[in-house]
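# Observations on the model geometry
Residues per chain, in single letters:
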Amino acid sequence: MDQQVKKKKATIYDLSVLSGSSPSTVSAVLNGTWRKRRIKESTAQTILGLAELHQYTTNLQARGLRRSRSGLVGLMLPVHDNRYFSSMAQTFEGHVRSRGQCPVVVSASRDPEEERRTAETLISYSIDQLFIVGATDPDGVHEVCEPAGLRHINIDLPGAKAHSVISDNYEGARMLTEAIIRRFGNDDPLRPDELFLFGGRNDHASRERIAAFHATKKALLGADPDDGVQSSGYSPDITLRAFEALYQRDGKLPRALFINSSINMEGLLRFMAGRPAEMFSELVVGCYDYDPFGSFLPFQVIMVRQNVEAMITKAFELIDEPATTPQTFLITPELIQPRSALKGPLDTLKDMTLV
C-alpha cells in the first residue's frame, strides 16, 4: 500500500469502543467538560491518549461550537434516491429558509457508523439543529449530539432518547391492505394465499406495516398463510429475485401484492420487463410509497402517501420547545386510489423555476 495514504482518523464511536466508555463520556473528555461530569481522571487520560494515538481531531476543533449560532440547520437522510426522501429534503429546505437560516442536507447510506461520523462533522461546522431522518441507529446519533448540546429530533424512524415524528405505519398499512382486498368483488373474492407482501426489513416501520398486514388479512380474509411475507429488504435486486423465485415455484404471480416501498416497487417493475402485459392485466398492487407515475401503470396501483409536510412542521415545533421526556408523535398518512396524480412538495420548487 502507498505509504503516502494517510490512516483514517478515529471517530468518537471508535474511541468509545477502544476505551470501553460511552460516546457521551468520550465527548465530555474531548470537549473538556469531564471534570464537571465527575469522570475519573484515569478514564480521561486513557481517552486522550487513544485520541492522540488514533489521530482524532474532529471535535477538538469544535470545543467552542455551542458558544455562537451559525444559522445552519442540518438534515441527515438515509439516502437521496427516492421521491419520499427528496420530498422530505425539499420541504425541510423551505421551512429552514423561511426562518432566515441555511439548510444543510446530507445522507449517511443507512450505515450506523457513517451516521455518527456525519453527525460529528456537522457538529464541527457549528450547526444549530439536526433533523435525523430514517436513521439506522438514531440513539447512536443522539450520543454524539447530546454532549455537544445540539438540539436534534428523529423523523420517519423513532429513537428512545429524543423526540420522534413518524408516520402511523400501522394505520397506513391497515388502510392499504384493506383497500387491496376491497378491490376484489364478491363474485371473485380474494383468497388469503393470493395476497403477498414484498419488502421491508427489521426496522420499526416495516414491523408495524407487516403487523397490520397480518391482522387485516386475518380479519377480512379469515386466514394468513406463513409464506405471505417476503422480507426482501430495501433492495430492487433482492426484490426482483424474490419475485422470480415465487414465479418459478407457482408459475404465476399472486393476484394481489402489498409492496413495502418504491424501492421494492422497482424490483417488481424489473421482473415485469420483457414479460407480456397480459400477465399483469388483472393484478392489484398496493405500494407503501407515493409516486405519480405509479398511478398510470397498466394495472391498478393503490398508494400510501406519507404526510411529509405535517411531519416536518411538527418536528420544527418540537425542536424549538424546551426539552422534555422523549415521545413519539404519529402522523396519519393518506391513501391514494388508482389513477390519481397529486401535487407534492417538489412541485413548489418546479413552479418557482418557471416564474
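The paragraphs below set out a description of the structure included in this document. (Residues numbered from 1 in each chain as written. Predicted model: local features only at pLDDT ≥ 70, side-chain atom pairs only at ≥ 80, totals over all residues. Heavy atoms only, no water.)

On a plain count of helices and strands, the protein comes out with 12 helices and 12 strands. For the protein, the residues scored as buried account for 49% of the 355 residues in total. Within the protein, contacts between residues at least 6 apart in sequence are counted, and of these 70% link residues at least 24 apart. Total accessible area on the protein stands at roughly 17200 Å², and carbon and sulfur atoms take up 50% of it. (Helix = DSSP H or I, 4+ residues; strand = E, 2+ residues; numbered from the N terminus. Buried < 20%, exposed > 50% of the residue type's maximum accessible area, 1.4 Å probe, protein only. Contact = heavy atoms within 4.5 Å. Areas by Shrake-Rupley, 256 points an atom, 1.4 Å probe, with all protein chains shown as cover.)

Tracing the sequence through the fold places Arg-69 in the loop between α3 (41-53) and β1 (72-77). By relative accessible area, which is 63% here, Arg-69 ends up exposed. Once you skip the residues sitting within four places of it in the chain, Arg-69 turns out to touch Gln-101 and Asp-128.

Between its terminal C-alpha atoms helix α5 (residues 112-124) stretches 19 Å, which fits the 18 Å expected from 13 residues at 1.5 Å a residue. When we look at burial in α5, the residues that qualify are Glu-115, Arg-116, Arg-117, Thr-118, Ala-119, Glu-120, Leu-122 and Ile-123. Buried residues belonging to α5 abut α1 (12-19), β1, β2 (102-107), β3 (129-133) and α6 (138-145). Two or three places before Glu-113, at the start of α5, stands the capping residue Asp-111, its side-chain oxygen 3.0 Å from that residue's backbone nitrogen. (Expected span 1.5 Å × (residues − 1). Polar contact = N/O pair within 3.5 Å; in protein donor to acceptor, adjacent residues only side chain to side chain.)

Buried together is how nonpolar side chains tend to be arranged in soluble globular proteins. Ranked by size, the top nonpolar core spans 24 residues in total, and within it Met-88, Phe-92, Phe-131 and Ile-155 carry the most contacts. Elements supplying a minimum of two residues to this core: β1, α4 (83-98), β3, β4 (151-155), α11 (308-319) and β11 (328-331). A per-element tally of this core places α11 first, with 7 residues. Apart from the residues within four sequence positions on either side, Phe-92 is in contact with Val-73, Gly-74, Leu-75, Pro-103, Val-104, Val-105, Phe-131, Ile-312 and Phe-316. (Core = buried A, V, L, I, M, F, W, Y, C linked by side-chain atoms within 4.5 Å.)

Here we take up the pattern of salt bridges. Opposite charge on two side chains permits them to pair, given that their charged atoms come into close proximity. Considering all chains together, one arrives at 22 salt bridges under this definition. Measuring nitrogen to oxygen at the nearest pair gives 3.0 Å for the salt bridge that ties Arg-99 to Asp-320. Highlighted residues: Arg-99 in the loop between α4 and β2 and Asp-320 in the loop between α11 and β11, separated in sequence by 221 residues. Accessibility expressed as a relative area gives 35% for Arg-99, which makes it partly exposed. Salt-bridge contacts for Glu-266 lead to Arg-270; the nearest nitrogen and oxygen are separated by 2.6 Å. You can see Glu-266 and its partner Arg-270 sitting in helix α10 (residues 262-272), 4 residues apart, about one turn around the helix. Here the residues in one salt-bridge network are Asp-188, Arg-191, Asp-193, Glu-194 and Arg-255, joined through shared partners. (Salt bridge = Lys/Arg side-chain N within 4 Å of Asp/Glu carboxyl O.)

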